[in-house]
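Residue strings, one per chain:
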Amino acid sequence: MKKLIVILSFLVFLGTVHIKAQSPSDTLVHKKVEVNVDGLSCPFCAYGLEKKAIGIAGVDSVKIDVEKGLMTLKVKDGKVIAEDDIRKQVKKAGFTPGEISYPDPD
Amino acid sequence: MVKTHNFPIFHILVFIGSILFLISGIRAQGPPVYVQTPILLGLDGGGVRTFGKLIKKGNVNIYLQPVVVPYNITAKFQMGGIAPFISKSVNEMEAQTGLGDMALFAKYVFFQKDGKGKTFRVLARVKQSFPTGKTNVTPAIGTGSYQTLTGLVAGYVTTKFGVYGDFGYNYTSAGLPDNLVYDFGFSVPLLPQQYPPNQINLSLEFTGNYIFGKSSNNFFVAPAIQYIAGRRVLFETGVQLPLIEDVEPGQKTKFMVLLGTRILIF
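Only a predicted model underlies this, so the values are computations on that prediction, with no experimental measurement involved.

Conventions adopted
- Residues numbered from 1 in each chain as written.
- Chains lettered and ligands numbered in written order.
- Predicted model: local features only at pLDDT ≥ 70, side-chain atom pairs only at ≥ 80, totals over all residues.
- Helix = DSSP H or I, 4+ residues; strand = E, 2+ residues; numbered from the N terminus.
- Buried ≥ 20, exposed ≤ 12 C-beta atoms within 10 Å, placed from the backbone.
- Contact = placed C-beta atoms within 7 Å.
- Core = buried A, V, L, I, M, F, W, Y, C linked by C-beta atoms within 7 Å.
- Pairing = 2+ DSSP bridges.
- Arc of directions from axis to C-beta.
- pLDDT = per-residue confidence, 0-100.
- Axes fitted to C-alpha atoms, helices over the stretch in contact; angles between N-to-C directions.
- Nonpolar A, V, L, I, M, F, W, Y, C, P; charged D, E, K, R; others polar.

1. Points about the overall build of chain A
Reasoning step 1: Assigned secondary structure in chain A consists of 3 helices and 4 strands.
Reasoning step 2: Starting at the N terminus, the α and β elements of chain A follow one another as α-β-α-β-β-α-β.
Reasoning step 3: In chain A, buried positions account for 31% of the 106 residues.
Reasoning step 4: When contacts within chain A are restricted to residue pairs at least 6 apart in sequence, long-range pairs at least 24 apart make up 64% of them.

Below you can see the structure in the form of structure tokens.
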């Protein structure tokens, strides 16, 4: 029984290490997230979008291009942003979320 | 009753507006100054709006300073209040000043169609005014009547142009005639568009008010200019000129000038 507990504990430990080891590689790939925002047609109404976007966990800064209808989120080091969170906040800001893409890091 | 039709002014302003529209290029624009907007966001969502409006009408001078505070419950549902300060004098006599008729309002966007760089939205609105302004003084600065305005506001805004329109029926009490308000307009920017905004917008708007019972129609053209100085503040000014004014000759509008600001606080 003791041996079984030791083996199980070892396996759980290995699993934890494996999960933690995966996260940094994901964040290295996605330093920026580009979000197409439909309905974004006026600069004066983009403030709410910026405010909602900066509140998303993991977002470091926000850039909005009204002409292109594009919002670019800079991701904090070691963080991952959930696409569902982005869509939810864009809707809360009064716009319609479009395609989300991950451009190459600068 | 005298009808005034200043069609030369109308044609000149429409011509100027058309030229501005054509030369403005492909850019976004700001909110209209006189017409309602269906976009309850940014400066029209969580800001305080106030303006001074000077009205010279026959032998009456009116200075109006409303403070409008909207608050977004959600991006589609807004509630707010209006507190107008009024100063009114007749025949250069001592002016009566104080709080006019206060109002509460609610707006709900029930249709929204978004596309890349464009949006079409329609909202329903209701405004309830209360007879808080004094009526036991001369001249009165309140109407003495409860008024309920219900109406629709629509707008098609793209990065190339924006068109706005609203109409509403105003139910009144205390024997005052009901009236129909109808407004429409568009605005264009003069500076390259950017965010945070730094823009000068020109707009050409039309405001109308048909009074039932009196069968009186008043229709004004209102060119306006607006400066958006960053995310949180906007300055605007405009003038309303009569195109049709069904009033007694001594009550005809000489001018109406507006100077105001909107400050984002929420």
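2. What about the nonpolar core?
Reasoning step 1: With 36 residues, the main nonpolar core has A:Ala46, A:Leu49, A:Met71 and A:Leu73 as its most contacted residues.
Reasoning step 2: Residue contacts for A:Leu73: discarding those within four places in its chain leaves A:Lys32, A:Val33, A:Val35, A:Ala53, A:Val59, A:Val62 and A:Ile81.
Reasoning step 3: Core analysis: the second largest hydrophobic core is formed by 11 residues, B:Val33, B:Phe220, B:Val221 and B:Ala222 among them.

3. As for the pairing of strand β9 (residues 179–189) of chain B
Residues and elements named next belong to chain B.
Reasoning step 1: Here 8 bridges tie strand β8 (residues 162–172) to β9, and the two strands are oriented antiparallel to one another. By the bridge assignment for β9, Tyr164 is matched with Gly185.
Reasoning step 2: The loop that links β8 with its antiparallel partner β9 comprises 6 residues; one of these, Ala174, has a positive phi angle of about 60°.
Reasoning step 3: Where β9 meets strand β10 (residues 198–211), 11 bridges bridge the pair, whose relative direction is antiparallel. Residue Leu180 lies in a different strand from β10, and its bridge partner there is Tyr210.

4. Topic: helix α3 (residues 83–92) of chain A
Residue and element names in this part refer to chain A.
Reasoning step 1: Ile86, Gln89 and Val90 are the residues of α3 that are buried. Buried residues of α3, viewed axially, fall in a sector of 100°; they line one side.
Reasoning step 2: In this fold, the buried residues of α3 make contact with β1 (32–38), α2 (47–54) and β4 (96–101).
Reasoning step 3: Downstream of α3 by a residue or two, Gly94 has a phi angle that is positive, lying close to 100°.

5. Quick word on the confidence of the model for chain B
Residue and element names in this part refer to chain B.
Reasoning step 1: Taken residue by residue, chain B gives an average pLDDT of 87. The fraction at 70 or more is 89%.
Reasoning step 2: Note that pLDDT drops below 50 for residues 1–7; the model gives that stretch 12 contacts with residues more than four away or on any other chain.
Reasoning step 3: Every residue in residues 14–28 scores below 50 in pLDDT, and together they form 21 contacts with partners more than four places removed in sequence or on other chains.
Reasoning step 4: Across the assembled chains, the prediction reports ipTM 0.82 with pTM 0.83.

6. Things to note about the sheet that holds β1(A)
Residue and element names in this part refer to chain A.
Reasoning step 1: If you trace the 4 strands from one edge of the open sheet to the other, you get β2-β3-β1-β4, paired in antiparallel fashion. Each end of this open sheet is capped by a strand with a single partner; those strands are β2 (59–65) and β4. Direction aside, neighbouring strands of the sheet carry axes that sit 25° apart on average.
Reasoning step 2: Relative to strand β3 (residues 70–75), β2 runs antiparallel, the two being bridged by 6 bridges. Residue pairing for β3: Ile64 is matched across the bridge by Met71.
Reasoning step 3: Together, β1, β2 and β3 form the strand contacts of α2, whose direction differs from that of β2 by roughly 160°.
Reasoning step 4: Against the sheet, α3 touches β1 and β4, its axis set at about 150° to β4.

7. Things to note about the environment of A:Leu70
All names here are of chain A.
Reasoning step 1: Here Leu70 lies in strand β3.
Reasoning step 2: Leu70 sits 35 residues away from Val35 along the chain, and the two C-alpha atoms are 5.8 Å apart.
Reasoning step 3: Not counting the four nearest positions on each side in its chain, Leu70 is found in contact with Glu34, Asn36, Val37 and Asp65.

8. Comments concerning the interface of chain B and chain A
Interface size is often expressed as the accessible area that is lost when the parts come together.
Reasoning step 1: Every contact between the two is made by 27 residues of chain B and, on the other side, 19 residues of chain A.
Reasoning step 2: Going through the elements one at a time, β5 (103–115), β6 (118–129) and β7 (147–158) of chain B are the ones with two or more residues in the side of chain B that touches chain A.
Reasoning step 3: Taken together, the residues of the side of chain B that touches chain A break down into 11 nonpolar, 12 polar and 4 charged.

9. A look at unusual backbone geometry
Residue and element names in this part refer to chain B.
Reasoning step 1: Of note, the bond from Thr138 into Pro139 is cis; its omega dihedral lies within 30 degrees of zero at 0°.
Reasoning step 2: With respect to the helices, strands and loops of the structure, Pro139 is situated in the loop between β6 and β7.
Reasoning step 3: In this structure, Ala174 takes a positive phi of about 60° despite not being glycine.
Reasoning step 4: Looking at where Ala174 falls in the secondary structure, it is placed in the loop between β8 and β9.

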